[in-house]
Amino acid sequence: MAQALARLAHAPADEVSFRLDGRRMTGRHGDTVAAALYGAGRRRLGHSLKHHAPRGLSGSFPAGHLATVEGIPHCRLDRMALVEGLDVRTEGAWPTPGLDLLALARLAPRRWLWAGFEHPRAIPNGAPLWLLWERMLARLAGGADAAPRARAGGVVAGRRIAADLVVIGGGPAGCAAAAAASGRVVLVTRGVPASPPGSHVEVLAGHEACALYRGGRLAAAAPHDPRASAVLIDAARVVLATGRISVPPLVPGAALPGVLDAATALALAGRHGVPPGRSVAVIGTRDRDKVAERLAGLGVAVVAVCDAHDVTAVLGRHEVEGLLANGRRILCDAVVHAGPWRVDPALAFQAAAGGELRLSRGELPGHLTVVGDAALPPEPIAMPAQLDGAAYVCPCMDVTLAEIRHHLKRGVTHVEELKRLTGCGMGACQGVPCWDLLAAVVARATGASPEAVGSPSYRAPRGALTFGQAAGLAASTESEP
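The rules behind these values
- Residues numbered from 1 in each chain as written.
- Predicted model: local features only at pLDDT ≥ 70, side-chain atom pairs only at ≥ 80, totals over all residues.
- Heavy atoms only, no water.
- Buried < 20%, exposed > 50% of the residue type's maximum accessible area, 1.4 Å probe, protein only.
- Helix = DSSP H or I, 4+ residues; strand = E, 2+ residues; numbered from the N terminus.
- Pairing = 2+ DSSP bridges.
- Contact = heavy atoms within 4.5 Å.
- Axes fitted to C-alpha atoms, helices over the stretch in contact; angles between N-to-C directions.
- Patch = residues over 30% accessible without salt bridge, like charges linked within 9 Å, V, L, I, M, F, W, Y side chains within 5 Å.
- Areas by Shrake-Rupley, 256 points an atom, 1.4 Å probe, with all protein chains shown as cover.
- Salt bridge = Lys/Arg side-chain N within 4 Å of Asp/Glu carboxyl O.

A. Region of the structure containing the pairing of strand E5 (residues 66–69). Burial along E5 is two-sided: Leu 66 and Thr 68 and Ala 67 and Val 69, pointing in opposite directions, are all buried. In terms of strand pairing, E5 meets strand E6 (residues 72–76) through three bridges, oriented antiparallel. In the sheet register, Val 69 faces E6, and the bridge partner there is Ile 72. Taking the residues that link successive antiparallel strands as the turn, the E5-E6 hairpin has two residues, and the phi of Glu 70 there is positive, at about 50°. Sheet topology note: the E5/strand E7 (residues 87–89) ladder contains two bridges and is antiparallel. Following the sheet pairing, Val 69 is matched in E7 by Val 88.

Right under this line is the structure:
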């Protein structure tokens with residue numbers, strides 16, 4: 001494990017003890033589990049599915065944030081509050097986290113593990129040998145163990161409410177929309193509201209808006225705590241104030257532990273007093289200077305600021321060791337990307353989509369409004385003139401640019417087909433931001449615009465909803481047609 005990072009001056013002082021794989025560790029009061037581990041020098045929190053490449057806290061690719069907490073697998077550590085005595089177990093290592101033989105998969109040529117290798121023609125589907133093969137693949141993939149039988153099957157009772165307006169997003173634009181509305185208003189936000197939205201507003205803080213059904217008339221919100229109740233909201237009107245996300249450049253090394261999006265880096269430094277690194281390079285577009293100034297004002301050592309479109313590689317084997325930009329090598333141990341900025345399209349897609357087997361994007365319904373940064377046009381993906389086949393289009397599922405190019409040369413250019421052939425976007429990321437990267441690759445290869453290329457279907461619900469929470473909503477939905 002790497003050396004712990006010195007906390008910034010404003011970090012909380014009270015320590016909280018927890019255990020990681022049986023080893024005692026400490027964080028600070030108010031930390032998330034991910035922030036506590038990052039501050040302790042534990043950047044590599046997980047691994048990719050096939051290459052077993054190291055993944056960590058990034059904000060962009062959730063596969064690096066997942067672990068088993070108190071026996072519950074696949075918990076997002078960046079949204080799990082740290083409490084005294086918490087038991088955390090890493091996933092994706094065998095036979096032990098300290099002796100992980102699955103890491104040998106990194107020695108195999110990447111082409112050997114392109115999608116399709118898991119379905120050999122020599123083994124008939126459904127045969128006894130097939131079942132053994134499937135079990136072996138599951139073990140080699142390093143997936144988490146199922147919850148203990150004593151914990152399995154727990155249903156978390158949900159609730160259903162009605163609102164005149166549902167506002168999704170607790171930033172300035174969302175709070176302003178909620179404060180200006182009348183009637184019953186529900187504000188759904190991942191964190192805490194940026195400003196007081198008013199006494200008439202019910203705030204669902206620490207919740208993820210995981211789905212919009214019935215053309216946006218029914219919203220689902222899942223709390224970050226898997227033991228808390230999910231909520232269904234019948235909505236007369238909906239405002240999407242979800243802001244925008246930063247997308248890393250399409251270059252080798254962009255998924256290394258130590259590469260963080262701006263929101264994650266600012267939360268680490270500002271809320272938890274954990275610097276993103278000892279020497280930090282900030283890349284991005286129009287807001288990169290503001291992000292760099294904010295980090296520096298918090299006490300973070302920012303060693304370089306440059307345009308994301310000038311970056312050709314992030315250097316490092318297991319973690320960030322540097323950056324290549326405009327042919328210049330920049331030594332750093334963390335890279336923060338602040339742009340290109342794109343909108344997470346999932347909720348708008350769900351509200352407007354039509355079709356059955358394959359959903360297609362449609363026009364937004366009149367009762368749904370998009371405000372704030374979410375209404376701004378997306379910025380172009382940062383990708384160098386000469387693309388490197390080793391760059392990951394989908395780091396969670398180990399889909400490289402070389403694999404996408406292979407199918408493009410065979411004449412496969414539809415993003416839905418590419419998704420099904422490669423698994424791109426079918427991991428914990430659920431296509432965000434991987435399908436933006438995929439569309440950019442297809443657009444360059446075909447000469448079409450990324451908007452014309454489009455994306456696969458962003459189906460509901462999102463990954464924030466657990467099986468137990470979904471089961472707890474059955475009483476509110478099963479009597480309906």
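B. The arrangement of the side chain of Gln 350 in detail. Secondary-structure assignment places Gln 350 in helix H6 (residues 346–352). Among all residues touching Gln 350, those that are not within four sequence positions of it are Cys 210, Ala 211, Leu 212, Tyr 458, Arg 459, Ala 460 and Arg 462.

C. Structural view of the sheet that holds strand E15 (residues 259–261). Strands sit in the order E15-E21-E16-E17 across an open sheet of four strands; the sheet is parallel. Strand pairing shows two members of the sheet lacking a second neighbour, E15 and strand E17 (302–307), which therefore form its edges. If you compare each strand with its neighbour and ignore which way they point, the axes differ by 20° on average. In the sheet, strand E16 (residues 280–284) pairs with E17 via five bridges, with the strands oriented parallel.

D. Up close: a nonpolar patch on the surface. A cluster of nonpolar side chains, namely Trp 94, Leu 99, Leu 101, Leu 104 and Leu 107, defines an oily patch on the protein surface of about 530 Å² accessible area. Turning to its location among the elements, Leu 107 is positioned in the loop between E7 and helix H2 (128–140). For Leu 107, a relative accessible area of 69% corresponds to the exposed category.

E. Quick look at the sheet that holds strand E20 (residues 328–331). Read from one edge to the other, the open sheet built from three strands follows the order E18-E19-E20, with strand pairing classed as antiparallel. Edge strands, defined here as strands with exactly one partner in the open sheet, are strand E18 (311–315) and E20. Taken pair by pair, the neighbouring strands of this sheet meet at an average axis angle of 20°, ignoring direction. Of the strand pairs in this sheet, strand E19 (residues 322–325) and E20 are connected by four bridges, and their pairing is antiparallel. Each bridged residue has a counterpart across the sheet, and for Gly 322 the counterpart in E20 is Leu 331.

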